[in-house]
Structures are given as structure tokens and as C-alpha cells.
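What follows is each chain in one-letter form.
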Amino acid sequence: MRQQNNGYDDSVLEACWDAIRNMGSVDQGAASIVQELKLNILRIAGLAGLQTSDQATAFYARMQQLGMSKSMLNMVLLDEKETFESLATPMTGFEHLDSNARRALAAAAEIPETILFGVAPGGLGENGASAKRDWANVIASYQETRLRRALTYLY
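Quick caveat: nothing in here was measured; it's all calculated off a predicted structure.

A. Inspection of the overall build of the chain at higher detail. In terms of helices and strands, the chain carries 6 helices and 2 strands. Taking 155 residues into account, the globule formula puts the C-alpha radius of gyration at 15 Å, and the chain, at 29 Å, lies well above it. C-alpha extents for the chain along the principal axes are approximately 90 × 45 × 25 Å. Evaluated residue by residue, the chain yields a buried proportion of 12% over its 155 residues. Here the analysis covers contacts within the chain between residues at least 6 apart in sequence; of these, 55% occur between residues at least 24 apart.

Dropping the structure here:
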């Protein structure tokens, strides 16, 4: 890349772009799925007959009224022969998608997950001190090899 860019390397963020985009896609997908996790069930006595008879327009007007009352008042107004229930649909597998996206971003950025996301370190007796120390050494090495000469020149 340096040869193509006349001696300049791409930004360190360029390597992370795909991983950031993928992580955003996972988060957007989860937001879409979360909105559909609840299934509302309305039981109406004689529903099949209502839809095909001359009372169909009254039935559809009633359904619109129920929808409006649920969205505006956050409640459902029911007749004595109607029941309403809301079932929760379990969402499984998202934690694996999210952790894989986080791992991919940490790998592309070459930053440990404990530093990049503040993830609690694993292991017995591990409190994150070694990861912080290792990361500080990486930064110090980068500063020494990439910045010292330029900063000394400017100084």
C-alpha cells in the first residue's frame, strides 16, 4: 500500500473499516429483530363468519380501532368475548454474532478486547493489569519507532 500511496501507508482505521461495518450490520439486524420478538394474539369468537359476512366492514373498522388504541393508548379495548395476549419469542444466537463481530474488530484494530471494549479479562486471578501493561508496551514501541524521529526533527 505504501508503494501505491507514494510512500504513505493507509490509516490504521482503514484496516478496521470492514469489521466496523460488519459490527454495525449485526447491531442493526438485532434492532430489527428485537421489534419483532413479541407476537400479539387476539382471539375473537366467530372470526371466520365475521370476515365473510356482511359485517366484514364493521369487523375491519374494529381491527383498525384496536390497532389505533394499542399504538396511541398502549392498551387494547376488548369486547366480552375477545381475549388478547402477547407472547414473547426467545432470541437465541445473537450473543455469538455480537462476540464474533467484536473479536473481528479487535483483531483488525490489533487492540485487545479488554482495552477496546472494556471486556472483563478471563482467567484465574486476572484483573487486566497484564493486558494494560502489554498494550502500554505496544503503544510505547509504536511511539518510539514511528514518532521519535519525526518529533525530534520538528523539535
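Alright, that's what it looks like, and here's the rest.
B. Main features of the packing of aromatic side chains. Taken as a whole, this structure holds 1 aromatic pair when the rule is applied. A cation sits over an aromatic face here: Arg102 above Phe117, 4.5 Å from the ring centre.

C. Inspection of the environment of Glu36 at higher detail. Residue placement: Glu36 occurs in the loop between α1 (17-35) and β1 (38-44). Between the C-alpha atom of Glu36 and that of Leu77, which follows or precedes it by 41 residues, the distance is 22 Å.

D. Seen up close, the nonpolar core. In this structure, Cys16, Ala19, Met23, Val26, Ala101 and Leu105 together form the largest nonpolar core, which totals 6 residues. Secondary structure elements with two or more residues in this core: α1 and α4 (94-109). It is α1 that contributes the most residues to this core, 3 residues altogether. Among all residues touching Val26, those that are not within four sequence positions of it are Phe94, Leu97, Asp98 and Ala101.

E. View of α1. With 19 residues, α1 extends 28 Å from end C-alpha to end C-alpha; this agrees with the ideal 27 Å at 1.5 Å per step. Of the positions making up α1, those classed as buried are Ala19, Met23, Val26 and Ala30. When α1 is viewed along its axis, its buried side chains cluster within an angular range of 55° and face the same direction. In α1, the exposed residues that point more than 90 degrees away from the buried face are Gln28 and Gln35. On its buried face, α1 is in contact with α4.

Scoring rules and cut-offs
- Residues numbered from 1 in each chain as written.
- Predicted model: local features only at pLDDT ≥ 70, side-chain atom pairs only at ≥ 80, totals over all residues.
- Heavy atoms only, no water.
- Helix = DSSP H or I, 4+ residues; strand = E, 2+ residues; numbered from the N terminus.
- Rg over C-alpha atoms; globule rule 2.2 N^0.38 Å.
- Buried < 20%, exposed > 50% of the residue type's maximum accessible area, 1.4 Å probe, protein only.
- Contact = heavy atoms within 4.5 Å.
- Phe/Tyr/Trp six-rings, centres within 6.5 Å; stacked < 30°, edge-to-face > 60°.
- Lys NZ or Arg CZ within 6 Å of the ring centre and 35° of its normal.
- Core = buried A, V, L, I, M, F, W, Y, C linked by side-chain atoms within 4.5 Å.
- Expected span 1.5 Å × (residues − 1).
- Arc of directions from axis to C-beta.

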